[in-house]
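Listed below are the residues making up each chain.
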Amino acid sequence: EAGVAQSPRYKIIEKRQSVAFWCNPISGHATLYWYQQILGQGPKLLIQFQNNGVVDDSQLPKDRFSAERLKGVDSTLKIQPAKLEDSAVYLCASSQTGLPKGETQYFGPGTRLLVL
Amino acid sequence: GNSVTQMEGPVTLSEEAFLTINCTYTATGYPSLFWYVQYPGEGLQLLLKATKADDKGSNKGFEATYRKETTSFHLEKGSVQVSDSAVYFCALILTTDSWGKLQFGAGTQVVVTP
C-alpha cells in the first residue's frame, strides 16, 4: 500500500514570497490533515478535510494560509505572504474515516520550509 | 484546555538499558492515547495506542498502559537498541469531539549509544 506522498521535501524562500505544498493521501482515505511542526515542538493541526469539505480550520492563520482539497483526493496548502515564523515542517496525514475513535493517522515525510 | 505533557529530552541511554518516557495529559472526558515515533529523516509513524482506561498498547517491544487515575500513558521498553534512537511523541484524540484531531506533546528525543 502506497503511503502519504508530499512534495517538495525542502523549500527555501524569502519572506513575503509565496509557497505551495502538495499532498496525496492514501487511496480511499476520506480524511486529510495538514499539521505544522515548529522545531522543538509537537505537530499542530492547521486544517482537517473530510472528503473535500473543511471540518476544522480553527488554527489556520487565514490571512496568509489557504488550503484546498479538490475532488476529495489531493490537497494543496499555500502560504502567501510568508513570514519568518512560518519556518517549520509541514506534515500531511490521512485516515480512513476521521472519526475520533482511536483511528490511526498516517503521515507523509513532510516538507521542510525555511523562510529567510 | 486539553494538553499533553511529556518529559524533556534528550534522553541518552546505552544499548540494552531500560527506557521510560513519561507522558501525562489533561483532557475533558476520556481521550484515546497514542505514541508516535519519528526516526531520523523519516515521517511520523504510529508506535502504539490505547483507546480506553487500563488498555495496554504494545509494539516492537514498547508498551504503554492507559492510566485514568493518574492521567498518564508512560512509554517503556525493557532493552533498547541503537535503532530505537528517535523522537517520541505522546498524543491524544478527544472522543467527545466530532472529528479526530491529534494533540501532541512536545516530543522526547532518545539517543541510544552502542
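Whatever comes next refers back to the structure up there.
Rules behind the numbers
- Residues numbered from 1 in each chain as written.
- Chains lettered and ligands numbered in written order.
- Predicted model: local features only at pLDDT ≥ 70, side-chain atom pairs only at ≥ 80, totals over all residues.
- Heavy atoms only, no water.
- Disulfide = S-S within 2.5 Å.
- Helix = DSSP H or I, 4+ residues; strand = E, 2+ residues; numbered from the N terminus.
- Buried < 20%, exposed > 50% of the residue type's maximum accessible area, 1.4 Å probe, protein only.
- Core = buried A, V, L, I, M, F, W, Y, C linked by side-chain atoms within 4.5 Å.
- Contact = heavy atoms within 4.5 Å.

### Let's talk about the state of the cysteines
- For the coordinates displayed, the defined rule picks out two disulfides over all chains.
- Each sulfur in the disulfide pair A:Cys23 and A:Cys92 lies 1.9 Å from the other. Between A:Cys23 and A:Cys92, the disulfide has an S-S torsion of -70° and is therefore left-handed. Here A:Cys23, found in strand 3 (residues 19–24), pairs with A:Cys92, found in strand 9 (residues 88–95); they are 69 residues apart in sequence, far enough to count as distant. The pair A:Cys23 / A:Cys92 is uniform in exposure class, with both members buried.
- A sulfur-sulfur distance of 2.0 Å marks the disulfide that ties B:Cys23 to B:Cys90. Residues B:Cys23 and B:Cys90 are joined by a disulfide whose S-S torsion is about -70°; by sign, that bridge is left-handed. Of this pair, B:Cys23 sits in strand 4 (residues 23–26) while B:Cys90 sits in strand 10 (residues 86–93), placing them 67 residues apart in sequence.
- Taking relative accessible area as the criterion, B:Cys90 reaches 1% and is therefore assigned buried.

### Here's the deal with the nonpolar core
- Residues B:Trp35, B:Phe73, B:Leu75 and B:Tyr88 are the most contacted members of the largest nonpolar core, which totals 27 residues.
- Those elements that place two or more of their residues in this core are strand 2 (11–14), strand 3 (19–21), strand 4, strand 5 (32–38), strand 6 (44–50), strand 8 (62–65), strand 10 and strand 12 (108–113) of chain B.
- For this core, the element with the highest residue contribution is strand 10 of chain B, accounting for four residues.
- Other than its neighbours up to four places away in sequence, B:Phe73 contacts B:Cys23, B:Leu33, B:Phe34, B:Trp35, B:Leu48, B:Lys49, B:Ala50, B:Ala64, B:Thr65, B:Tyr66 and B:Cys90.
- A:Val4, A:Ile13, A:Val19 and A:Leu113 belong to the second largest nonpolar core, which has 21 residues in total.

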